[in-house]
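In case you want the letters, here they are:
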Amino acid sequence: MRAVQIVELTGPDTALALSEVPDPSSPPEHPLSPGSGVLVEVHAAGVSFPELLQTRGQYQMKPPLPFVPGSEVGGVVLSAPAGAAVKPGDRVAAFCALGAFAETAVAPAFFTFALSEQLDFAQGAALILNYHTAYFALALRGRLQPGETVLVHGAAGGVGTASLQVARALGARTIAVVSSEEKRRVAEQAGADEVVMLGERWKDEVLERSGGGVDVVLDPVGGDRFTDSLRSLGEDGRLIVVGFTGGSIPEVKVNRLLLRNISVVGAGWGAYVMGKPELNVQIGEAISKMVDDGYISPPIGGRFPFERAADALKMLDERRATGKLVLDVRPD
Ligand SMILES: NC(=O)c1ccc[n+]([C@@H]2O[C@H](COP(=O)([O-])OP(=O)(O)OC[C@H]3O[C@@H](n4cnc5c(N)ncnc54)[C@H](OP(=O)(O)O)[C@@H]3O)[C@@H](O)[C@H]2O)c1
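Residues numbered from 1 in each chain as written. Predicted model: local features only at pLDDT ≥ 70, side-chain atom pairs only at ≥ 80, totals over all residues. Heavy atoms only, no water.

Brief notes about the overall build of the chain
Then comes step 1: A count of helices and strands for the chain gives 11 helices and 15 strands.
Then comes step 2: Computed over the C-alpha atoms, the radius of gyration of the chain is 19 Å, within 12% of the 20 Å expected from 2.2 N^0.38 for a compact globule of 332 residues.
Then comes step 3: Oriented by its inertia axes, the alpha-carbon framework of the chain measures out at about 60 × 40 × 35 Å.
Then comes step 4: When the 332 residues of the chain are sorted by exposure, 55% land in the buried category. (Helix = DSSP H or I, 4+ residues; strand = E, 2+ residues; numbered from the N terminus. Rg over C-alpha atoms; globule rule 2.2 N^0.38 Å. Buried < 20%, exposed > 50% of the residue type's maximum accessible area, 1.4 Å probe, protein only.)

As structure tokens, this is what we get:
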């Protein structure tokens, strides 16, 4: 089958090669579900920050070279193990961790979810990493309650747009922080109640619009805005750490937490859910209901043919991406 591989750790310009690789083993098997796996005919593959980091060897998961990157797909089931909730012919969203940039991919049964008719394959490839992370971060780690206010950084990005939609479905009011007018439009279309432009006054504006402080900050960016994010929280506020696209990993002076009665909470979705099949099913059901109820419709910011996977990664690298980027492996 055809697949895009990472063949060297030299960044998105030169690390990738379109190659012919062996089909998945028969019967299919995934490392997270030894002895079994769902074989999926890939229609669209999601492109995310981890793949960008993998082209430089900077991601925590470092498979030996060459390897096929890509963590999630939208596609059609070719075969499924006994007991799986999906069967051959079903349209699905599946999380395979690695191997999505290929014509067929294998995912554990507990990471394969029926795809609503309301969503196309590209949106299916945008559903698990970002939306499961958003739900995990906001509902489970951040304990978001209906009526609370959430500030979302990087709000036009993949995790950001997902968080806006999930927060709304959980009954919260959202304030998006973005860096450009184009991103303002994307955040508005994703359902942000208010949008604040990144700039010297963003924190003051958030304090004004939230009446003295938000309940939750969802932060996939980190970097130098972190201290102002803490200052944006009201009493009992929670800052949820999701990622570091801003480049640097912030440090916290913990007296700020004591003096203001606020918390910093880590949310590492993958590490938490990998060994908990029943939790994945529970999150999948919650996300499915949000799709059915009309809260979730992943915005697709760019579609690329297989041959142009590097362009998608460069878009992420240059801060130009909005919503989710996908590879059209079998265009509709
Ligand atoms: N914790 C978890 O379980 C988990 C799960 C999934 C993803 N993540 C992480 O979450 C982060 C966000 O992923 P994503 O898919 O949402 O990325 P994305 O679509 O590229 O969005 C990231 C946003 O970060 C902001 N940003 C600020 N400085 C940036 C820079 N130097 N380069 C690129 N973007 C910059 C941008 O917003 P503005 O321009 O508006 O500031 C951008 O829209 C990544 O670090 C990813 O690894 C974590």
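Once the structure has been displayed, the description carries forward.
Remarks on the sheet that holds strand E12 (residues 233-241)
Then comes step 1: Strands sit in the order E10-E9-E8-E11-E12-E13 across an open sheet of six strands; the sheet is parallel. Each edge of the open sheet is held by one strand with a lone partner, namely strand E10 (194-197) and strand E13 (263-266). Here the strands of the sheet are splayed against their neighbours by 20° on average, with no regard to which way each runs.
Then comes step 2: In this structure, strand E9 (residues 173-178) lies alongside E10, joined through four bridges in parallel fashion. Among the inter-strand pairings, Val177 is bridged to a residue of E10, identified as Val196. (Pairing = 2+ DSSP bridges. Axes fitted to C-alpha atoms, helices over the stretch in contact; angles between N-to-C directions.)

Some points on the environment of Val38
Then comes step 1: Along the chain, Val38 turns up in strand E3 (residues 38-47).
Then comes step 2: The class for Val38 is buried, based on a relative accessible area of 0%.
Then comes step 3: Leaving out residues up to four positions away in the same chain, Val38 has contacts with Val77, Ser79, Ala80, Pro81, Val86, Ala105, Val106, Ala107, Pro108, Ala109 and Thr112. (Contact = heavy atoms within 4.5 Å.)

Some remarks on the site of the ligand
Then comes step 1: Around the ligand, the structure places 23 residues, and the nearest of them are Val159, Ser179, Lys183, Ala267 and Trp269.
Then comes step 2: In this structure, a nitrogen atom belonging to the ligand sits 2.9 Å away from a main-chain N or O atom of Val242.
Then comes step 3: The contact in question runs from an oxygen atom of the ligand to an N or O atom on the backbone of Trp269, over 2.8 Å.
Then comes step 4: Taken by itself the ligand offers 910 Å² of open surface, and the protein chains cover 89% of this.
Then comes step 5: Tallied by class, residues from the shell around the ligand come to 11 nonpolar, nine polar and three charged. (Near = heavy atom within 4 Å. Polar contact = N/O pair within 3.5 Å; in protein donor to acceptor, adjacent residues only side chain to side chain. Areas by Shrake-Rupley, 256 points an atom, 1.4 Å probe, with all protein chains shown as cover. Nonpolar A, V, L, I, M, F, W, Y, C, P; charged D, E, K, R; others polar.)

Brief notes about helix H11 (residues 309-317)
Then comes step 1: Among all positions of H11, only Ala309, Ala310, Ala312, Leu313, Met315 and Leu316 are buried.
Then comes step 2: Buried positions along H11 lie against strand E1 (2-6), strand E2 (16-20), E3, helix H1 (49-54), strand E14 (300-305) and strand E15 (324-328).
Then comes step 3: Arg319, located one to two residues past H11, shows a positive phi value of around 65°.

Structural notes on the nonpolar core
Then comes step 1: With 56 residues, the main nonpolar core has Tyr135, Leu138, Val166, Trp269 and Ile287 as its most contacted residues.
Then comes step 2: Among the elements that make up this core, the one with the highest residue count is helix H3 (residues 128-141) (nine residues).
Then comes step 3: Apart from the residues within four sequence positions on either side, Ile287 is in contact with Leu127, Tyr131, His132, Tyr135, Val166 and Ile296.
Then comes step 4: Core analysis: the second largest hydrophobic core is formed by 38 residues, Met1, Ala45, Ala94 and Phe304 among them. (Core = buried A, V, L, I, M, F, W, Y, C linked by side-chain atoms within 4.5 Å.)

Quick notes on the packing of aromatic side chains
Then comes step 1: What the rule picks out here adds up to five aromatic pairs.
Then comes step 2: An aromatic cluster of at least three residues, connected via ring pairs, comprises Phe95, Phe110, Phe111 and Trp269.
Then comes step 3: A cation sits over an aromatic face here: Arg91 above Phe121, 4.9 Å from the ring centre. (Phe/Tyr/Trp six-rings, centres within 6.5 Å; stacked < 30°, edge-to-face > 60°. Lys NZ or Arg CZ within 6 Å of the ring centre and 35° of its normal.)

Some words on the packing of H3 against helix H4 (residues 158-169)
Then comes step 1: Here H3 crosses H4 at 55°, and the two axes come no closer than 8 Å. When the interaxial angle is binned, H3 and H4 end up oblique. As for the relative orientation of H3 and H4, their crossing is right-handed in sense. Only Gly158, Val159, Thr161, Ala162, Ser163, Gln165, Val166 and Ala167 of H4 make contact with H3, whose side of the interface consists of Asn130, Tyr131, Ala134, Tyr135 and Leu138.
Then comes step 2: A class-by-class count of the residues in the contact of H3 with H4 yields eight nonpolar, five polar and no charged. (Parallel < 35°, antiparallel > 145°, perpendicular 65-115°, else oblique. Left-handed = near helix turned anticlockwise from the far one by under 90°.)

Points about the pairing of strand E5 (residues 91-95)
Look at any regular strand and the pattern is simple: side chains alternate between the two faces of the sheet.
Then comes step 1: With four of its five residues buried, E5 lies for the most part within the structure.
Then comes step 2: The pairing of strand E4 (residues 72-79) with E5 spans five bridges and is classified as antiparallel. In the strand pairing of E5, Gly75 is matched with Val92.
Then comes step 3: Where E5 lies against strand E7 (residues 112-114), three bridges are found, and the strand directions are antiparallel. Across the sheet, residue Ala94 finds its bridge partner in E7, namely Thr112.

Here we look at the layout of surface pockets
Sizing a probe to match a water molecule and rolling it over the atoms shows the empty space that remains.
Then comes step 1: Of the pockets and cavities examined, the second largest pocket occupies roughly 250 Å³.
Then comes step 2: If you list the elements that add at least two residues to the lining of the second largest pocket, you get E7 and helix H10 (277-292).
Then comes step 3: In terms of residues, the lining of the second largest pocket owes the most to one element, H10, which gives four residues. (1 Å grid on protein atoms, 1.4 Å probe; cavity = no way out; pocket = protein on both sides within 12 Å on 5 of 7 lines; lining within 4 Å. Points joined across faces, edges and corners; volume = space filled by probe spheres on them.)

Looking at the environment of Arg141
Then comes step 1: Of note, Arg141 is situated in helix H3.
Then comes step 2: Judged by relative accessible area, Arg141 falls into the partly exposed class, the value being 29%.
Then comes step 3: The residues touching Arg141, leaving out its near neighbours within four places in the chain, are Phe136, Val265, Gly266 and Ala267.
Then comes step 4: One polar contact links the side chain of Arg141 to the main-chain carbonyl oxygen of Gly266, over a distance of 2.8 Å.

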